[in-house]
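Residues per chain, in single letters:
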Amino acid sequence: MRAVVYQHEEHEGVGLLGPALTKAGFTLVNRFRSARHDDVDAELVVVMGGPMGVYEADQHPFLREELAILRERLANERPSLGICLGAQLLADAAGAEVFAGKNGFEVGVGPVRWSAEGVRDSVIAGVRPRTVVAHWHGDTYKAVPGATLLASTDRYVQQAFRLGSSFGFQFHLELTAREMGRWLELGAEDLRQRGKDLAELKAQLPKLESAERENTELLQRLAEHFAQTVR
């Protein structure tokens, strides 16, 4: 089984998701800022994050290519997984508006609150009411037509959704504390310009490390869901 991964930044890889997909029987096929039409027929397409916005496809033509693949996969009821920018692309492909969030830049380690539908979902079921995850986004999206809202934060309602066999997560379940620390170092200047306290953000990393086991278990259930869907 192929899991085609759309990656947009060198340092934003699959993280904890990679081993979960491999264990579930997938072979990962990486595409960096590119898409191929035969990705429509892949068993799974995974779209990772990135600093660009869905509405910036004129500057980043590969986004338009990815959107076309996601739209066709949704029409054909083939599963896809979107993370951060990937969730926004999946939301757009399903007909939701994506835009710069009015509640500011959400970055750091903090909980998401699962909805009542989320804790009853066959994949999410078993999680605690709140899960500690990594956040790094400024954009958001309106409610996705036909989708189930799975999670929210105090800052942004739209944090995760399920649409058929596909899932979108605005947050980064795949990030380890070590990788989050690396992201903070790489993005230090941008974070300072946004008025963020780098030391304060780094002080949150132990909470993410403590959550890694729980997040890994959820990613494994997600990977097994995709494997069962396509078998």
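Residues numbered from 1 in each chain as written. Predicted model: local features only at pLDDT ≥ 70, side-chain atom pairs only at ≥ 80, totals over all residues. Heavy atoms only, no water.

**Student:** Quick question: what am I supposed to make of the environment of Lys-142 here?
**Tutor:** Checked against the element boundaries, Lys-142 lands in the loop between strand E8 (139-141) and strand E9 (148-152). Residues Lys-142 and Ala-96, 46 residues apart in the sequence, show an inter-C-alpha distance of 5.6 Å. Those residues in contact with Lys-142 that lie beyond four places of it in its chain are Ala-96, Glu-97, Phe-99 and Gln-158. (Helix = DSSP H or I, 4+ residues; strand = E, 2+ residues; numbered from the N terminus. Contact = heavy atoms within 4.5 Å.)

**Student:** Explain the packing of aromatic side chains to me, please; I cannot follow it from the model alone.
**Tutor:** Two aromatic rings, taken as a pair, are described by how far apart their centres are and by the angle between their planes. On inspection of all chains with the given rule, the structure shows six aromatic pairs. Grouping aromatic residues by their ring pairs yields a cluster made of Trp-114, Phe-167, Phe-169, Phe-171 and Phe-226. Over the ring of Phe-105 we find Arg-194, and its NZ or CZ is 3.9 Å from the ring centre. (Phe/Tyr/Trp six-rings, centres within 6.5 Å; stacked < 30°, edge-to-face > 60°. Lys NZ or Arg CZ within 6 Å of the ring centre and 35° of its normal.)

**Student:** I would appreciate a short explanation of helix H3 (residues 85-93) in the present structure.
**Tutor:** An α-helical segment advances 3.6 residues per turn. Residues three or four places apart therefore align on the same side. By the criterion of burial, H3 is predominantly enclosed, with eight of the nine residues buried. All buried positions along H3 are accounted for by Leu-85, Gly-86, Ala-87, Gln-88, Leu-89, Leu-90, Ala-91 and Ala-93. Just downstream of H3 lies Gly-95, where phi reads positive at about 105°. (Buried < 20%, exposed > 50% of the residue type's maximum accessible area, 1.4 Å probe, protein only.)

**Student:** So what exactly am I meant to see when it comes to helix H5 (residues 177-186) here?
**Tutor:** When H5 is considered as a whole, its buried residues turn out to be Ala-177, Met-180, Gly-181, Trp-183 and Leu-184. The arc enclosing the buried residues of H5, seen along the axis, measures out at 160°, which places them on a common side. Facing away from the buried surface of H5 by more than 90 degrees, the exposed residues are Arg-178 and Leu-186. Its buried side turned inward, H5 meets strand E6 (106-114), strand E7 (130-137), helix H6 (188-193), helix H7 (198-202) and helix H8 (205-230). (Arc of directions from axis to C-beta.)

**Student:** I'm lost on the sheet that holds E6 in this one. Help?
**Tutor:** Each strand in a sheet pairs with another by means of backbone hydrogen bonds, the pair being arranged parallel or else antiparallel. Reading across from one edge, E2-E1-E3-E4-E11-E10-E9-E6-E7 is the order of the nine strands in this open sheet, with mixed pairing throughout. In this open sheet, the two edge strands, each paired with only one partner strand, are strand E2 (27-32) and E7. Across the sheet, the mean angle from the axis of one strand to that of its neighbour is 20°, orientation sign disregarded. Bridge analysis of strand E3 (residues 44-47) against strand E4 (residues 80-83) gives three bridges, and the strand direction is parallel. If you follow Val-46 over to E4, its bridge partner there is Leu-81. With respect to the sheet, helix H2 (residues 61-75) is in contact with strand E1 (2-7), E3, E4, strand E10 (160-163) and strand E11 (166-169), its orientation differing from that of E3 by roughly 140°. Each of E3, E4, E7, E10 and E11 is contacted by H3, which is oriented at about 125° to E4, the strand it contacts most. (Pairing = 2+ DSSP bridges. Axes fitted to C-alpha atoms, helices over the stretch in contact; angles between N-to-C directions.)

**Student:** Would you explain unusual backbone geometry in this entry?
**Tutor:** At Glu-77, a residue that is not glycine, the phi angle is positive and equals roughly 60°. Along the chain, Glu-77 falls in the loop between H2 and E4. A positive phi is found at Cys-84, a non-glycine position, where the angle reads about 60°. Relative to the assigned elements, Cys-84 resides in the loop between E4 and H3.

**Student:** Help me understand the environment of Ile-69, please; the structure alone is not making it clear to me.
**Tutor:** Locating Ile-69 in the fold gives a position in helix H2. Under the relative-accessibility criterion, Ile-69 is labelled buried at 4%. Leave out the neighbours within four places in its chain, and Ile-69 touches Tyr-6, Ala-35, Arg-36, His-37, Asp-39 and Val-40.

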